[in-house]
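Chain by chain, the residues:
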Amino acid sequence: MTALALAGCSSSASSSSSTAASSSGTTKQASSAPGAQPGAANQLQDAYQKVIGDVLPSVVQITTGESLGSGIVYDDKGDIVTNAHVVGSATAFTVTLANTTKALDATLVGSYPDDDLAVIKLSSPPGGLKPATFGDSSKVQLGQITLAMGSPLGLSSSVTQGIVSATGRTVSEPRGGGSPGATIGNMVQTSAAINPGNSGGALVNLDSQVIGINTLAATEPQTNGAAAPGIGFAIPASTITNITDQLIKQGKVTNSGRAALGITARTSFNQQFQPAGAVIVAVSQGGPAASAGLQPGDVITKIGDTPVDSLNALTTALASLTPGSKVTVTYVRDGNSRTADVTLGTLESSS
């Protein structure tokens, strides 16, 4: 089974030639292919170089103590969006802009760990900041060429290339590295290489639009956690802009856009001490679950057609749904299986 690792913080740079995309290598392979048109490879190379020129100045390196990650310039006022696990519990940072070695001071604006997003702000924003342009998540399609930009392994302003491998992925992060183990829906899967230090950086299309924030890379447990090549995940642009706008304006998130039942729950175990559902510990008064008749002590075993054998499974199932949608919840009460139709609410801020 493939596991996941945060791509967030790198403690030091290493000598690796694989972190930067090689446009010249792509050209050589394309031009030597039988029947290839000589101009096609050059056009693709030109497109890559234009995107890099457009977007790389908007990608920064963020340093927190001994570790580092990446970020994206969000506006000309000095706001920078990144992953919550990159900032961790810190409130002060140093930021290095692309094509410069001068470190700038920044402070925390707000963090929303439920979506693994955070905003920091430069204390003295320099002139000429170049905010990134964010794309339309609904237009991201399989096979689109992507470029991942950031500071993998401390190698600032690095670029890798790949394609959109899948959309709509619901992914649960491992706990640790500053992450509480968030479950994030609608993520973009990409084959562009994502390495430690890439977290918070930009996943970009050939229209020079950011379509996601690089967040996770898959690892292979059978190889002691070594990277599984070509499997990375990025938080979609729609989530980024929704959360970032709220953090900048309010310092917190009041409308997450994430579905919720309005309960507090924990994993339920059967007599063999195996996970057997999510038991409701508390129900929010007037919330979706309460309105549908669910009570503390009920054990949720299914959301729609999705089995639920743990709190994590419940969180994952809800992450793929939207507030306002109706879903049938299967639960056990007094040893009997029952169902309730619930209109989902919105997850409240945990900030």
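The protein chain is annotated in an unreviewed UniProt entry as Trypsin-like peptidase domain-containing protein of Kitasatospora cathayae.

(A) Expanded view of helix α4 (residues 237-250). Relative to the 20 Å expected for 14 residues at 1.5 Å per residue, α4 spans 20 Å between its end C-alpha atoms, a close match to the ideal helical length. For α4, the set of buried residues is Ala-237, Thr-239, Ile-240, Ile-243, Thr-244, Gln-246 and Leu-247. Positive backbone phi, at 75°, marks Gly-251, one or two positions downstream of α4.

(B) Structural detail: the sheet that holds strand β7 (residues 117-122). Spatial ordering of the closed barrel is given by β2-β3-β4-β7-β6-β5, a layout of 6 strands whose pairing is antiparallel. With strand direction ignored, the average angle separating the axes of adjacent strands in the sheet is 40°. Relative to β7, strand β6 (residues 103-112) runs antiparallel, the two being bridged by 6 bridges. Considered in β7, the bridge of Gly-110 is made with Val-119.

(C) Broad picture of the confidence of the model for the protein chain. When pLDDT is averaged along the protein chain, the result is 87; 85% of the residues meet or exceed 70. Residue range residues 12-34 is modelled with pLDDT below 50. Its contacts to residues more than four positions away, or to other chains, number 33 contacts.

(D) Here's a closer look at the packing of aromatic side chains. Counted according to the given criterion, the structure contains 1 aromatic pair. Pairing Tyr-74 with Phe-134 gives two aromatic rings, centres 5.4 Å apart and planes at 55°, and the pair type is tilted. Here Tyr-74 is found in the loop between β3 (67-73) and β4 (79-82), whereas its partner Phe-134 is found in the loop between β7 and β8 (145-150), with 60 residues between them in sequence. No difference in accessibility class separates Tyr-74 from Phe-134, as the two residues are buried.

(E) Focus on the nonpolar core. Ile-72, Val-81, Phe-134, Met-149 and Val-210 are the most contacted members of the largest nonpolar core, which totals 32 residues. Top contributing element to this core by residue count: α4, with 4 residues. Setting aside its immediate chain neighbours within four residues, Met-149 contacts Val-51, Ile-52, Val-55, Leu-56, Val-59, Ser-158, Val-159, Asn-198, Gly-201, Ala-202, Val-204 and Asn-214. Counting residues in each nonpolar core, the second largest holds 20 residues, with Leu-294, Val-329, Tyr-331 and Ala-340 among its members.

(F) Layout of the environment of Arg-175. Summarising the element assignment, Arg-175 is placed in the loop between β9 (158-172) and β10 (183-190). Residue classification places Arg-175 among the exposed positions, given a relative accessible area of 70%. For the pair Arg-175 and His-85, spaced 90 residues apart in sequence, the C-alpha to C-alpha distance is 9.8 Å.

(G) Representation of the pairing of strand β2 (residues 59-64) within the structure. The element β2 is largely enclosed, with a buried count of 5 among its 6 residues. Here 6 bridges tie β2 to β3, and the two strands are oriented antiparallel to one another. Across the sheet, Thr-63 pairs through a bridge with Leu-68, a residue of β3. Joining the antiparallel neighbours β2 and β3 is a turn of 2 residues, in which Gly-65 adopts a positive phi near 60°.

(H) Representation of the side chain of Thr-82 within the structure. Within the secondary structure, Thr-82 is located in strand β4. For Thr-82, the contacting residues outside a window of four places in its chain are Ile-62, Ser-70, Gly-71, Val-87, Asp-116, Leu-117, Ala-118, Ser-199, Gly-200 and Ile-213.

Reading the values: the criteria
Residues numbered from 1 in each chain as written. Predicted model: local features only at pLDDT ≥ 70, side-chain atom pairs only at ≥ 80, totals over all residues. Heavy atoms only, no water. Helix = DSSP H or I, 4+ residues; strand = E, 2+ residues; numbered from the N terminus. Expected span 1.5 Å × (residues − 1). Buried < 20%, exposed > 50% of the residue type's maximum accessible area, 1.4 Å probe, protein only. Pairing = 2+ DSSP bridges. Axes fitted to C-alpha atoms, helices over the stretch in contact; angles between N-to-C directions. pLDDT = per-residue confidence, 0-100. Contact = heavy atoms within 4.5 Å. Phe/Tyr/Trp six-rings, centres within 6.5 Å; stacked < 30°, edge-to-face > 60°. Core = buried A, V, L, I, M, F, W, Y, C linked by side-chain atoms within 4.5 Å.

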